[in-house]
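In case you want the letters, here they are:
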Amino acid sequence: MIVLFNCTCAVPTTMDSFHPVPVKVNPDLQKERDAALFNPVELTYLKDGGKDKTERRRRCELLAINDPDLQHKDISFMARNERYSNAVRKAVIIARKIKEHRLTNMEEKQLYISAATQYDTYGFGLHYGMFLPALSAQCDEEQRNYWLPLAENLKILGTYAQTELGHGTFIRGLETTAIYDPKTEEFVLHTPTLSALKWWPGNMGKTATHAVVLAQLYTNGKSYGLHPFIVQLRSLENHQPLPGITLGDIGPKLGFHSFDNGFLGFDHVRIPRRNMLMKYSQVSPDGFYIKPIHAKLTYSTMVEARVTLVSDIAYSLSQAVTIAVRYSAVRRQTEQIKGVKEPQILDYRTQQLKLFPYLAAAYAFTFTSFVITGRYIEVQNEMNDGNMESLSELHALSAGLKAFTSYVGNEGIEVCRLSCGGHGYSQASGFPELYTLTAPISTFEGENTVMLLQTARYLMKCATTAKRGLELPRFVLYLSQRQKGQCPARNESDLLDHGLLSDAFEHRARRLVIEAAQKMQSNIGKGNPQHVAWNNCHMYLLKAASAHCHFYVVQTFVKYINDTEMSDAVRDILTSLCQFYALHGIWQNAGDFLQDGYMNGNQLDMVQSLVGKLLDKIRINAVALVDAFDFRDEILCSKLGKYDGNVYEAMYEWAKNSPLNKTEVHDSYNKYLRPLMQSSKAKL
Ligand SMILES: CCCCCCCCCC/C=C\CCCCC/C=C/C(=O)SCCNC(=O)CCNC(=O)[C@H](O)C(C)(C)COP(=O)(O)OP(=O)(O)OC[C@H]1O[C@@H](n2cnc3c(N)ncnc32)[C@H](O)[C@@H]1OP(=O)(O)O
Ligand SMILES: Cc1cc2nc3c(=O)[nH]c(=O)nc-3n(C[C@H](O)[C@H](O)[C@H](O)COP(=O)(O)OP(=O)(O)OC[C@H]3O[C@@H](n4cnc5c(N)ncnc54)[C@H](O)[C@@H]3O)c2cc1C
């Protein structure tokens, strides 16, 4: 029996109510919507950047959702081979449809792709996510003119091959070599050891024809470090690996089942000199090396990817809280008064304490993603003009925020799953796919601990600069300001002040950065070499970087509310959400605020009491707050998070489609169970 996923599509009534009008809405969910104190559509417009943008997004999504060519059975019921094949099939259709629908703008393409792939990975994810960005960023003019049309028109399919079996984090230690041969004007790519095999690149196992390969450049007998090369991996005629190239899939993973993460080895493979991407550094025909204007420009593709991941995490966390909050409104559990209906689980304080911090974080991260994306574009423009001054700042910010938000995002998705009890464990909930899609963000594009340590490295430098009284970039300017004595809050209403809350996080970040810098100094003072001091101080450095990112998010949330036009009702709920985000953060990290006496026990009591009080303000608006994320059922892919709240009907229908239910009696009965049960001499 084949179930067509998304076969319940309906044309939306008006653009204000995007969801198809269901036959009946679960009365508990309807009650929540009726009680909300603001109109969720207003918040949707705000989040999307205006009504026009919301409508455009919805139109793009509907194009994909209503397309019969993109329908298929639920991926939960597919084996890996089928999933891979389905992802490739869809990627090809998506490419054709993007042209047919004349979606030219990048944002529209992304919206379309995300609606078309739903909660699965995109079959050309690495091609668009990293291969094309790497070519765009690293090719010189002539190379762009040659490679970009081929890649953009999918005449070649690419991946980004950096990580090796033996090294992922420490990329200076990568072993793949690219040795220049001036006699033939070629580079010779080689995998000298087993640990030098490229390992992990997405879409490399079976799909890609080309890769941007990161390899150690040697010319005239000298090593010049890591550089990018474009290498053809497979024949464009029959897709066979080219001579000297070994390729394969690395096998099943925790998730990403539709993705062909691969391995790759080179046996003295020759490529033309001009296959080295030469925007920033060049090798001349006679082997002369010209170095880049900034040593880390080769790493720029990763910086771009880390910026994008902050939005991806905000999106996934928003999906998780949407599922969990809607389900918690319709799920009733444990009679409190004999004969009276069991309460909605959303009424339990513990449930609110599980979900609302992540609901607030989903909004906080969404606003943060706007700011970091804006900053990325600014710095990119400066770099295009040859000004590399802000690259370090952008690296520190993007590395730290990618790590900070993905830690919280992954934790939040898991807490949301747990908050749905047993049903959260079913694939029908959507959580398994959502979790496994988001989990590796803590690892890829820079392992989170390592990324926070990169941010810490930058902050340590800034602390020294501040100490010398020199100028600092805007986002770390606070390090040059003097510590304020004590938190001035005298009562609960003082503690609701956004300025005071932001100051508290600023104080904590500054204290922890300065403390880490002092610990480093004293470690070095004791005669430890830099790397030993650094290792000894890891616990301070990590805390400092994390506190800095936390402050950045709080400050961004506050600034967003202050600087953005919105109705009083929306401002009121966002204000409560922001207060809750900050106060809950203080409560959870109370030690940091008490340790140096910035806050006292009384103030912490007030913080805790306010966290409790704000739960009520959020409770009444919780469903509207998740409705405002505006995920259609077809995109959310969760029977628990359905807009109409008819969860049990949906789960039962879904379960009936399990392949195990294809026949009343499974083959294994005749093969194993029957002989066991009917044999009088059965031996176990
Ligand atoms: C139709 C169009 C539609 C489009 C749709 C798109 C759809 C996309 C859908 C996508 C779907 C699926 C995607 C799945 C994607 C998964 C892909 C995953 C990919 C990967 O994981 S790629 C591999 C990533 N690998 C890493 O991130 C490695 C991490 N390691 C490092 O970055 C570095 O090695 C390091 C930073 C940890 C250390 O580097 P090192 O050279 O040793 O440096 P240090 O000595 O520590 O520091 C030296 C100085 O350099 C500074 N530095 C380091 N990095 C940078 C940087 N990036 N930029 C600027 N400066 C940098 C560092 O701060 C030091 O400075 P200082 O000396 O202190 O001044
Ligand atoms: C799903 C998925 C998709 C991927 N896609 C791609 C791709 O398309 N292209 C590609 O090139 N790569 C890809 N990767 C690889 C990925 O980028 C690396 O796995 C990642 O950068 C982490 O590196 P690692 O595996 O070497 O981890 P390791 O560095 O081995 O990390 C292991 C542990 O060591 C710790 N550690 C390491 N170094 C330090 C240090 N200096 N200080 C303190 N602690 C440290 C880490 O914190 C971690 O706890 C992918 C990975 C996954 C999981």
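### Here's the deal with the sheet that holds strand β4 (residues 198-199)
- If you trace the 3 strands from one edge of the open sheet to the other, you get β4-β8-β7, paired in antiparallel fashion. A strand with exactly one partner marks an edge of an open sheet, and here the two such strands are β4 and β7 (245-249).
- Both β4 and strand β8 (residues 262-266) contribute to a ladder of 2 bridges, which runs antiparallel. In the sheet register, Trp199 faces β8, and the bridge partner there is Phe263.

### So, the pattern of salt bridges
- If you walk through the whole model with that rule in mind, you get 43 salt bridges.
- The shortest N-O distance in the salt bridge between Glu515 and Arg511 comes to 3.8 Å. Of this pair, Glu515 and Arg511 both sit in helix α14 (residues 498-525), 4 residues apart, which is roughly one turn of that helix.
- You can call Arg511 buried: its relative accessible area is 11%.
- Asp563 is the salt-bridge partner of Lys559, the closest N and O atoms lying 2.8 Å from each other.

### A short note on a nonpolar patch on the surface
- Side chains of Tyr672, Leu673, Leu676 and Met677 sit close together on the surface and give an oily, nonpolar patch of about 430 Å² of accessible area.
- Within the fold, Tyr672 resides in helix α22 (residues 667-678).
- Overall, the relative accessible area of 57% leaves Tyr672 in the exposed class.

### Things to note about the environment of Thr301
- Structurally, Thr301 is set in helix α8 (residues 300-330).
- Owing to a relative accessible area of 3%, Thr301 belongs among the buried residues under this scheme.
- Each C-alpha atom, one on Thr301 and one on Gln138, is 8.7 Å from the other, the two residues being 163 residues apart in sequence.

### A few points about α14
- With 28 residues, α14 extends 40 Å between its outermost C-alpha atoms, agreeing within 8% with the 40 Å of an ideal straight helix rising 1.5 Å per residue.
- With a side-chain oxygen positioned 3.1 Å from the backbone nitrogen of Gly499, the residue opening α14 is Asp497.
- Following α14 by one or two positions, Gly527 has its phi on the positive side, about 95°.

### Regarding the packing of aromatic side chains
- As enumerated under the stated definition, the model contains 23 aromatic pairs in all.
- Members of the aromatic cluster, joined through ring pairs, are Tyr315, Tyr363, Phe367, Phe370, Phe557, Tyr560, Tyr581, Phe629 and Phe631.
- Over the aromatic face of Tyr643 sits the side chain of Arg33, whose NZ or CZ is 3.8 Å from the ring centroid.

### What about the nonpolar core?
- In terms of nonpolar packing, the biggest core is built from 151 residues, with Tyr363, Phe365, Leu574 and Tyr581 touching the most fellow members.
- Inspection of this core shows a minimum of three residues originating in each of domain 1 (28-123) and domain 3 (301-470 + 497-625).
- Within the second largest apolar cluster, 23 residues are counted, among which are Ala178, Phe187, Phe266 and Met276.

### A word on the packing of α8 against helix α11 (residues 431-438)
- Orientation of α8 relative to α11, taken along the N-to-C sense of each, is 160°, at an axis distance of 11 Å. On the basis of the axis angle, α8 is roughly antiparallel to α11. Seen from above, α8 lies across α11 with left-handed handedness. Between α8 and α11, the contacting residues are Ser316, Gln319, Ala320, Ile323 and Ala324 on the first element and Phe431, Leu434 and Thr438 on the second.
- Broken down by class, the residue content of the contact of α8 with α11 amounts to 5 nonpolar, 3 polar and no charged.

### Structural notes on the domain arrangement of the protein chain
- The domains assigned to the protein chain are domain 1 (28-123), domain 2 (132-292) and domain 3 (301-470 + 497-625).
- The C-alpha-based centres of domain 2 and domain 3 are spaced at 36 Å.
- Contact between domain 2 and domain 3 buries roughly 920 Å² in total, counting both sides, with carbon and sulfur atoms accounting for 68%.
- Among the residues of domain 2 in contact with domain 3, Thr169, Leu254 and Phe256 are the three that bury the most area, contributing 43% of the side total.
- Between the two partners, domain 2 and domain 3, sit 0 salt bridges.
- If you look at where domain 2 meets domain 3, you find 0 residue pairs in polar contact (both at pLDDT 80 or more).
- Per element, the largest residue contribution to the side of domain 2 that touches domain 3 is 3 residues, and it comes from helix α6 (residues 125-138).
- Here the side of domain 2 that touches domain 3 is composed, by residue class, of 6 nonpolar, 5 polar and 1 charged.

Conventions adopted
- Residues numbered from 1 in each chain as written.
- Chains lettered and ligands numbered in written order.
- Predicted model: local features only at pLDDT ≥ 70, side-chain atom pairs only at ≥ 80, totals over all residues.
- Heavy atoms only, no water.
- Pairing = 2+ DSSP bridges.
- Helix = DSSP H or I, 4+ residues; strand = E, 2+ residues; numbered from the N terminus.
- Salt bridge = Lys/Arg side-chain N within 4 Å of Asp/Glu carboxyl O.
- Buried < 20%, exposed > 50% of the residue type's maximum accessible area, 1.4 Å probe, protein only.
- Patch = residues over 30% accessible without salt bridge, like charges linked within 9 Å, V, L, I, M, F, W, Y side chains within 5 Å.
- Areas by Shrake-Rupley, 256 points an atom, 1.4 Å probe, with all protein chains shown as cover.
- Expected span 1.5 Å × (residues − 1).
- Polar contact = N/O pair within 3.5 Å; in protein donor to acceptor, adjacent residues only side chain to side chain.
- Phe/Tyr/Trp six-rings, centres within 6.5 Å; stacked < 30°, edge-to-face > 60°.
- Lys NZ or Arg CZ within 6 Å of the ring centre and 35° of its normal.
- Core = buried A, V, L, I, M, F, W, Y, C linked by side-chain atoms within 4.5 Å.
- Domains from an automatic or database assignment.
- Axes fitted to C-alpha atoms, helices over the stretch in contact; angles between N-to-C directions.
- Parallel < 35°, antiparallel > 145°, perpendicular 65-115°, else oblique.
- Left-handed = near helix turned anticlockwise from the far one by under 90°.
- Contact = heavy atoms within 4.5 Å.
- Nonpolar A, V, L, I, M, F, W, Y, C, P; charged D, E, K, R; others polar.
- Buried area = accessible area lost by both parts, 1.4 Å probe.

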